[in-house]
Amino acid sequence: MSKKSDEKSVVYSALEVARICGVVNQTSINWIKNGHLKAFKTPGGQFRVYPDDLVEFMKMRDMRIPEELLAQCKNSSEETKKIKILFVDDDESFNNVSVSLMQKSLPDAEIYQAFDGFEAGSMAVKKMPDCLILDLSLPGVDGIKICKTINTSDALGKPHIIIVTAMEDEETEKTCRDLGVKYYFRKPVFIPELVTAVKELMSIE
């Protein structure tokens, strides 16, 4: 569930969310219960949704967003939403060095780490990253399977995917690109190139 500043007074009930999205009330409740739409509960047990979380949810599903909702989102949020990045690579040294360098270049981003496929899936569900930097040769669950899961399910929030791999075959790259991967880097990779890719995907100046 989403935790926001107490100063934010504009919130929507599940029924109001349903009206904005053009669905029935139970659908919006299901979105919340299934973790697709961030929300919190009032002391009375009712779901409430902040405007910025609703806008983010609607953007991911290519829904038309009313101007009134966008205005409420801007007015209710004084702090800039931090970009969340999940870096997944079982090479611990490469993972740590890359994350350290990226943090210096993207100081406003929240960067998380995972070192195998299972941890990557767990972290993706827990943190709902905006961008996933992913090695393909992972212990546990391989990277291609993670890409397929992201491509076919809303459970991980449809993050942008950047592949970083030592695999050379073109067929693997084609498979990844068919699954929506825009950036595919072969190791060794120049970290500033990763930073540039993240900025482009997340529209960061």
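Relevant structure appears above.
Residues numbered from 1 in each chain as written. Predicted model: local features only at pLDDT ≥ 70, side-chain atom pairs only at ≥ 80, totals over all residues. Heavy atoms only, no water.

(A) Spatial organisation of the packing of helix H5 (residues 92-105) against helix H9 (residues 191-202). One can describe the packing of H5 onto H9 by two numbers: an axis separation of 10 Å at closest approach and a directional angle of 55 degrees. Put simply, H5 runs oblique to H9. Where H5 crosses over H9, the two elements pack in a sense that is right-handed. Counting all contacts with H5, which are made through Phe94, Ser98, Leu101, Met102 and Ser105, the residues of H9 involved are Ile191, Val195, Val198 and Lys199. Residue composition of the contact of H5 with H9, grouped by class: 6 nonpolar, 2 polar and 1 charged. (Axes fitted to C-alpha atoms, helices over the stretch in contact; angles between N-to-C directions. Helix = DSSP H or I, 4+ residues; strand = E, 2+ residues; numbered from the N terminus. Parallel < 35°, antiparallel > 145°, perpendicular 65-115°, else oblique. Left-handed = near helix turned anticlockwise from the far one by under 90°. Contact = heavy atoms within 4.5 Å. Nonpolar A, V, L, I, M, F, W, Y, C, P; charged D, E, K, R; others polar.)

(B) Here's a closer look at the pattern of salt bridges. Inspection of the entire model under this criterion finds 7 salt bridges. Lys187 serves as the salt-bridge partner of Asp135, at 3.9 Å between the closest nitrogen and oxygen. With Asp135 in the loop between strand E6 (131-134) and helix H7 (143-152) and Lys187 in the loop between strand E8 (183-186) and H9, this residue pair connects regions lying 52 residues apart in the sequence. Residue class for Asp135 comes out buried when judged on its relative accessible area of 4%. Taking relative accessible area as the criterion, Lys187 reaches 25% and is therefore assigned partly exposed. One salt bridge in this structure joins Arg177 and Glu173, with 3.0 Å as the shortest N-O distance. One end of the pair is Arg177 and the other is Glu173, both in helix H8 (residues 170-178) and 4 residues apart, which spans about a single turn. Look at Arg177 and you get partly exposed, because its relative accessible area is 37%. The exposure class of Glu173 is buried, given its relative accessible area of 17%. Through salt bridges with shared partners, a single ionic network connects Glu168, Glu173, Arg177 and Arg186. (Salt bridge = Lys/Arg side-chain N within 4 Å of Asp/Glu carboxyl O. Buried < 20%, exposed > 50% of the residue type's maximum accessible area, 1.4 Å probe, protein only.)

(C) A look at the packing of helix H1 (residues 14-21) against helix H2 (residues 25-33). Direction vectors running N to C along H1 and H2 enclose 110 degrees, while the axes themselves pass 8 Å from each other. Taken together, H1 and H2 sit at an angle that is classed as roughly perpendicular. For the pair formed by H1 and H2, the contact residues are Ala14, Leu15, Val17, Ala18 and Cys21 on the first element and Asn25, Ser28, Ile29, Trp31 and Ile32 on the second.

(D) Seen up close, the sheet that holds strand E5 (residues 110-114). Judged by pairing direction, the sheet is parallel, and its 5 strands sit side by side in the order E5-E4-E6-E7-E8 without closing on themselves. Each end of this open sheet is capped by a strand with a single partner; those strands are E5 and E8. On average, each strand axis in the sheet is inclined to that of its neighbour by 15 degrees, with strand direction left out of account. Contacting strand E7 (160-165) and E8, H8 crosses the sheet at an angle of about 155 degrees to E8. Here H9 sits on the sheet in contact with strand E4 (84-88), E6, E7 and E8, set at roughly 165 degrees to E7. (Pairing = 2+ DSSP bridges.)

(E) Quick peek at helix H6 (residues 117-127). Residues of H6 that are buried: Gly117, Ala120, Met123 and Ala124. All buried residues of H6 project into a common sector of 125 degrees when viewed along the axis, lining one side. What points out from H6, more than 90 degrees from its buried face, is the exposed set Phe118 and Lys126. Structurally, H6 contributes buried residues whose contacts are with E4, E5 and H7. In this structure Asp116 caps H6, since a side-chain oxygen of it lies 3.1 Å from the backbone nitrogen of Phe118. Positive backbone phi, approximately 50 degrees, marks Met128, located one or two places after H6. (Arc of directions from axis to C-beta. Polar contact = N/O pair within 3.5 Å; in protein donor to acceptor, adjacent residues only side chain to side chain.)

(F) Here's a closer look at H8. All of the buried residues along H8 are Thr172, Glu173 and Cys176. Here the buried residues of H8 occupy an arc of 100 degrees about the axis, which is enough to place them on one side. Of the exposed residues in H8, those oriented more than 90 degrees away from the buried face are Glu170, Glu171 and Asp178. The secondary structure elements touched by the buried residues of H8 are H7, E7 and E8. The first or second residue beyond H8 is Gly180, which carries a positive phi of 100 degrees.

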